[in-house]
Amino acid sequence: MSTRRVWIVGAGKRVKETAVPALVAAGERFEIHGVLGRSAREETLAGRRFDVRALASLDARSFAGADLVYMAVGKQAVPQVLASLARFELGSVDLLIDTPVLLLKHFRHTEQFRRFRNVWVAEDCYFLPWFDVVRDELASGELGPLVEARLLHAAYAYHAFATLKGLFGVERIAAARRKRIDGGHRRTVTIDAQRRAVIVEPRDYASGWIELHCANGLIAERGHVPKGARTLEPVLEGADCVGFRIGERLVRLAAREVELMRGPAATAGVTARMESMKRVGFLRLLESIHAGKGGYLLASGLDDMLVDYLLEKTGRWSSNALTSIDSGLARTLYSTVSRIAGR
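Presented here is a report on the structure given in the accompanying data block.

Reading guide: rules and limits
Residues numbered from 1 in each chain as written. Predicted model: local features only at pLDDT ≥ 70, side-chain atom pairs only at ≥ 80, totals over all residues. Heavy atoms only, no water. Pairing = 2+ DSSP bridges. Helix = DSSP H or I, 4+ residues; strand = E, 2+ residues; numbered from the N terminus. Axes fitted to C-alpha atoms, helices over the stretch in contact; angles between N-to-C directions. Contact = heavy atoms within 4.5 Å. Buried < 20%, exposed > 50% of the residue type's maximum accessible area, 1.4 Å probe, protein only. Core = buried A, V, L, I, M, F, W, Y, C linked by side-chain atoms within 4.5 Å. Salt bridge = Lys/Arg side-chain N within 4 Å of Asp/Glu carboxyl O.

Another aspect to go through is the sheet that holds strand β15 (residues 240-246). Here we have 10 strands laid out as an open sheet, ordered β16-β15-β14-β13-β12-β8-β11-β10-β9-β18, and mixed in their pairing. The open sheet terminates on both sides in strands that have one partner only, identified here as β16 (249-252) and β18 (316-318). Neighbour-to-neighbour, the strand axes of the sheet open up by a mean angle of 20°, direction not taken into account. Two elements, strand β8 (residues 146-152) and strand β12 (residues 209-214), share 6 bridges in a ladder whose sense is antiparallel. Bridge pairing in β12 places Leu 152 opposite Trp 209. Seen against the sheet, helix α4 (residues 131-139) touches β8, β12, β13 (217-221), β14 (230-237), β15 and β16 and runs at an angle of roughly 145° to β16. Together, β9 (175-181), β10 (184-190) and β18 form the strand contacts of helix α8 (residues 298-314), whose direction differs from that of β18 by roughly 140°.

Okay, the side chain of Thr 163 next. With respect to the element layout, Thr 163 can be found in helix α5 (residues 157-168). The exposure class assigned to Thr 163 is buried, which follows from its relative accessible area of 5%. What Thr 163 contacts, discounting residues up to four positions off in sequence, is Cys 125, Leu 128, Phe 131 and Leu 151.

Phe 63, Tyr 70, Leu 96 and Trp 130 are the most contacted members of the largest nonpolar core, which has 110 residues in total. Top contributing element to this core by residue count: helix α7 (residues 274-290), with 8 residues. Ignoring any residue separated from it by four or fewer positions in sequence, one finds Leu 96 in contact with Leu 68, Val 69, Tyr 70, Met 71, Trp 120, Val 121, Ala 122, Phe 282, Leu 285, Leu 286 and Ile 289.

Moving on, we come to the pattern of salt bridges. For the structure shown, the criterion picks out 34 salt bridges. Here Glu 148 ties to Arg 150 by a salt bridge, and the two come within 2.4 Å at their closest N and O atoms. Residue Glu 148 is classed as buried on the basis of its relative accessible area, which comes to 8%. With a closest N to O distance of 3.0 Å, Asp 240 and Arg 262 form a salt bridge. Residue Asp 240 is found in strand β15, and its partner Arg 262 is found in the loop between α6 (255-260) and α7; the two are separated by 22 residues along the sequence. One connected set of salt bridges, linked through shared partners, spans Arg 178, Arg 187, Glu 201, Asp 308 and Glu 312.

In short, geometric facts, not functional conclusions.
As structure tokens, this is what we get:
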């Protein structure tokens, strides 16, 4: 497939620290065609100077060369930016939109996504690189199937659900509860009838860790490994993280991924490298799009937002005709409430 030309809408921290480094690492497969913002200015992104153009000043001729729009703007600004993009012909343009896609009060604006050829969500947590060695370890059969994942101060809100979906290989979860505990909250997630997860909040990547409870054993992050468990840890060459290991099983990163992993101290564990791993996850998402496999599904991203919102408001959620993003009744209900809210 030829080089895909990308318009970036937004120039904030997410664009600077994650998206542009990943786009640059993707090499000739993606070309940054331009950067758009609320106002014209210059920005330095991944060491390169860009002339940021005002989105309102863009005309159809200048936008005609776009293959992919990556949109990373503030949550409140999403409807306005979608409306501004709607003045262009978008039938041959794909959209990659940052999380959480839309706030629930803006749900009626999901109609705007129909203008694009494809819409994916820029959810890098679905593509985290430590998943590879876990999958290989589980495939060996020695530990049996993964029964419970525990993300202990190691994941945030809707990103946590995407992490679990990537780890367990599912598109939806079945149910969840949120309960206050000393110092934070615990989310208990039902993946399906046989599998579950626990998420302890608040997120603190510097001190958080991962535990994977299997039918015949346990995998835990270095520094939190009980006797008899297998250790999940980064593999270092000098100061560079070049892969991840469980016991003697090792999966190496590609050279361009090693570059993106640079930054954390050599002593950092897996969870402490989250910001770097998200750059690798973003690159893998881009590679999936370029290969024709697509990215993180729009419905999955909206599902993550919805479950997170309802847990925050009510403390519980389960999939049914009134709550599931896959339900036409639920989508109609949320759109109607959104129109009544009118914000």
